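Residues per chain, in single letters:
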Amino acid sequence: MRYSTLGSSGLSVSRVCLGSMTWGIQNTQSDANEQIDYALAQGVNFIDTAEMYPVPPNGETYGDTERCIGNYFAQNPERRQDIVLASKIAGPGFPYVRDNSPISGSTIAQALNDSLERLQTDYIDVYQLHWPNRTTPHFNKHWPNHIKPSSLDVAKEKADMRDILSGIDTALKSGKIRHWALSDDTTWGIHTYIALCEEMGIAKPVSIQNEFSLLHIKDWPFLIESCVYEDVAYLPWSPLAGGMLSGKYLDGAMPEGSRWTFQQRNGLFRDTPNSEAAIRAYCDIAKRYELTPSQLALAWCDQVDGVTSTIIGATKMSQLKENIEAFDIQLSSECLSDIEATLKQFPVPF
């Protein structure tokens with residue numbers, strides 16, 4: 001296993017980050033324990049979770065993924081020190097999460113205490129804002145005019161961000177979190193938070209996790225360039241585009257127990273004719289170089305300059321093993337050229 005420094009945190013994290021959002025719906029506590037044990041044995045030391053998990057989110061299972069991790073820690077207390085644990089506070093969008101309230105200094109205090117109780121630990125290594133209070137160009141809102149930046153009250157937004165930072169500062173000083181970070185944010189969000197941190201004398205965000213894959217490269221190069229220059233780690237989530245890049249959903253296939261058999265909060269917006277055509281091409285490339293489609297997509301993501309650690313997830317142990325093995329694969333220059341040709345043909349397939 002290879003490791004990278006997580007932005008300005010000084011933490012050394014594995015190039016593989018174990019995602020956990022299936023634990024509690026698609027996976028049981030026993031499954032979660034097995035995945036964690038296997039990942040640790042392979043040198044993975046980075047686990048990502050969130051208070052709103054498992055996915056798809058609902059009021060009945062809210063917080064259950066953190067509970068799975070907490071139960072693991074309770075059974076294996078000696079392993080806590082081996083893990084860089086990242087979790088997230090949910091923003092507005094769920095009536096059962098703090099009455100649909102936005103992220104603020106006060107909600108950070110409440111959410112953090114609740115997460116620590118579920119996780120059965122007294123600190124979180126990296127505490128992330130799951131998404132901004134403002135609407136951002138993620139989850140199929142990256143097309144022109146799907147959001148209206150000109151309608152944002154920038155002064156109010158910055159005031160709200162200062163309030164959020166006051167809550168972060170309190171959490172850092174209390175020792176309940178070691179570092180803080182962003183998720184599903186933009187270049188403006190990164191730079192504004194950095195500027196406000198300098199103004200307020202607060203530690204800056206150490207990382208950001210955004211969707212990034214062969215089907216969704218909108219963060220390259222501008223946001224990723226900012227991350228590199230500002231020493232903010234870039235963590236791709238959904239590197240298999242919700243499982244699509246494995247090829248398992250081609251021709252309308254719906255494998256039993258797969259994610260698409262569950263209701264999707266944002267719908268199957270990645271499922272388009274162009275996505276299907278791109279996936280077929282990537283599957284052909286994978287076959288040509290004797291790789292699985294998933295390994296091709298993950299190895300490609302890992303070699304992108306500026307990527308610190310890639311968040312993977314699996315519902316089966318066979319998938320987890322296949323995915324972790326991808327990070328030992330070095331794609332040849334010929335393979336990368338073939339991938340680039342397809343990427344140029346389908347740069348924005350959904």
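Residues numbered from 1 in each chain as written. Predicted model: local features only at pLDDT ≥ 70, side-chain atom pairs only at ≥ 80, totals over all residues. Heavy atoms only, no water.

Asker: I'd love a proper account of the sheet that holds strand β3 (residues 16–19), names of residues and values included.
Answerer: Spatial ordering of the open sheet is given by β9-β8-β7-β6-β5-β4-β3-β10, a layout of 8 strands whose pairing is parallel. Two strands lie at the open edges of the sheet, namely β9 (233–237) and β10 (310–312), each paired on one side alone. For this sheet the average axis-to-axis angle between neighbouring strands, irrespective of direction, equals 30 degrees. Here strand β4 (residues 46–48) pairs with strand β5 (residues 84–89) via 3 bridges, running parallel. Following the sheet pairing, Asp48 is matched in β5 by Ala86. (Pairing = 2+ DSSP bridges. Helix = DSSP H or I, 4+ residues; strand = E, 2+ residues; numbered from the N terminus. Axes fitted to C-alpha atoms, helices over the stretch in contact; angles between N-to-C directions.)

Asker: Describe the side chain of Gln295, listing the residues and the values that go with them.
Answerer: Looking at the secondary structure, you find Gln295 in helix α8 (residues 293–303). Taking relative accessible area as the criterion, Gln295 reaches 9% and is therefore assigned buried. One polar contact links the side chain of Gln295 to the main-chain carbonyl oxygen of Glu322, over a distance of 3.2 Å. With residues near it in sequence (within four places) discarded, Gln295 still touches Glu322, Glu325, Ala326 and Ile329. (Buried < 20%, exposed > 50% of the residue type's maximum accessible area, 1.4 Å probe, protein only. Polar contact = N/O pair within 3.5 Å; in protein donor to acceptor, adjacent residues only side chain to side chain. Contact = heavy atoms within 4.5 Å.)

Asker: How would you summarise the nonpolar core if you had to cite specific residues and measurements?
Answerer: A general feature of soluble globular proteins is that nonpolar side chains tend to end up buried together. Judged by nonpolar contacts, the single largest core of 87 residues is most densely connected at Trp180, Tyr282 and Trp300. Excluding its chain neighbours within four sequence positions, the residues that come into contact with Tyr282 are Leu214, Leu215, Leu245, Leu296, Ile339, Thr342 and Leu343. Core analysis: the next-biggest nonpolar cluster, separate from the first, contains 13 residues, Cys17, Phe46, Ala181 and Ala233 among them. (Core = buried A, V, L, I, M, F, W, Y, C linked by side-chain atoms within 4.5 Å.)

Asker: Can you break down the packing of aromatic side chains residue by residue, with the values?
Answerer: A full pass over the atoms with the stated rule returns 10 aromatic pairs. A connected cluster of aromatic rings, assembled from ring pairs, spans Tyr62, Phe94, Tyr96 and Trp131. Here the guanidinium or amino end of Arg118 rests over the ring plane of Tyr62, the centre of that ring lying 5.2 Å away. The ring of Tyr123 carries the charged tip of Arg178 above its face, separated from the ring centre by 3.8 Å. (Phe/Tyr/Trp six-rings, centres within 6.5 Å; stacked < 30°, edge-to-face > 60°. Lys NZ or Arg CZ within 6 Å of the ring centre and 35° of its normal.)

Asker: Go over the pattern of salt bridges, please, and point to the residues and values.
Answerer: Side chains that carry opposite charge are capable of pairing whenever their charged atoms lie near each other. In total, this model carries 19 salt bridges according to the counting rule given. In this structure, Asp48 engages Lys88 in a salt bridge whose closest nitrogen and oxygen atoms are separated by 2.8 Å. In this pair, Asp48 sits in strand β4 while Lys88 sits in strand β5, placing the two residues 40 residues apart along the sequence. As far as burial versus exposure is concerned, Asp48 and Lys88 are alike and both buried. The partner of Asp169 in a salt bridge is Lys173, with the nearest N and O atoms 3.1 Å apart. In this pair, Asp169 and Lys173 are both assigned in helix α4 (residues 154–174), 4 residues apart and thus about one turn of the helix distant. (Salt bridge = Lys/Arg side-chain N within 4 Å of Asp/Glu carboxyl O.)

Asker: Can you explain α4? Please cite residues and give values.
Answerer: At 3.6 residues per turn, the α-helix brings residues three or four places apart onto the same side. In a regular helix each residue adds 1.5 Å, so 21 residues correspond to 30 Å; α4 covers 30 Å between its end C-alpha atoms and thus fits that length. For α4, the secondary structure elements touched by its buried residues are α3 (105–119), β6 (124–129), β7 (177–183) and α5 (187–200). The positive-phi residue at the C-terminal boundary of α4 is Gly175, with phi of around 85 degrees. (Expected span 1.5 Å × (residues − 1).)

Asker: Report on the side chain of His216, specifying residues and quantitative values.
Answerer: For His216, the position within the fold is in the loop between β8 (207–211) and α6 (222–230). Setting aside chain neighbours within four positions, we find His216 in contact with His142, Glu211 and Phe350.

Asker: So what's going on with α6? Which residues, and what values?
Answerer: Looking only at α6, the buried set comprises Leu223, Ile224, Ser226 and Cys227. Each buried residue of α6 lies within a common arc of 155 degrees when the element is viewed along its axis, so the set occupies one face. In this structure, α6 carries Phe222 and Tyr229 as exposed residues pointing more than 90 degrees from its buried face. On its buried side, α6 packs onto α5, β8 and β9. (Arc of directions from axis to C-beta.)

Asker: Can you break down the pairing of β5 residue by residue, with the values?
Answerer: Counting buried residues along β5, 6 of its 6 residues qualify, which places the element largely inside the surrounding structure. Regarding the hand of the β-α-β motif, the stretch spanning β4, helix α2 (residues 64–75) and β5 is right-handed. Where β5 lies against β6, 4 bridges are found, and the strand directions are parallel. Paired with Ile89 across the two strands is Leu129, which belongs to β6. (Right-handed = clockwise from strand over helix to strand, strands pointing away.)

Asker: Which residues make up the environment of Tyr249, and what are the values?
Answerer: Within the secondary structure layout, Tyr249 lies in the loop between β9 and α7 (273–288). Given the relative accessible area of 4%, Tyr249 is considered buried. Spatially, the C-alpha atom of Tyr249 lies 8.6 Å from that of Trp260, the residues being 11 residues apart in sequence. Every residue in contact with Tyr249, bar those within four places of it in the chain, is listed here: Gly242, Gly243, Met244, Met254, Pro255, Ser258, Arg259, Trp260 and Glu276. Within the local environment of Tyr249, its side chain forms a polar contact with the backbone nitrogen of Trp260, the two atoms lying 3.3 Å apart.

Asker: Explain the pairing of β3 to me, and be specific about the residues and the numbers.
Answerer: Side chains of β3 alternate between two faces, with Val16 and Leu18 and Cys17 and Gly19 buried alike. Pairing between β3 and β10: 3 bridges, direction parallel. Considered in β10, the bridge of Val16 is made with Thr310. Pairing of β3 with β4 involves 2 bridges; the strand directions are parallel. Bridge pairing in β4 links Gly19 to Asp48. A crossover links β3 with its parallel partner β4, the connecting element being helix α1 (residues 29–41), and its sense is right-handed.

So, to be careful, I would describe these as geometric facts and stop short of saying anything about function.
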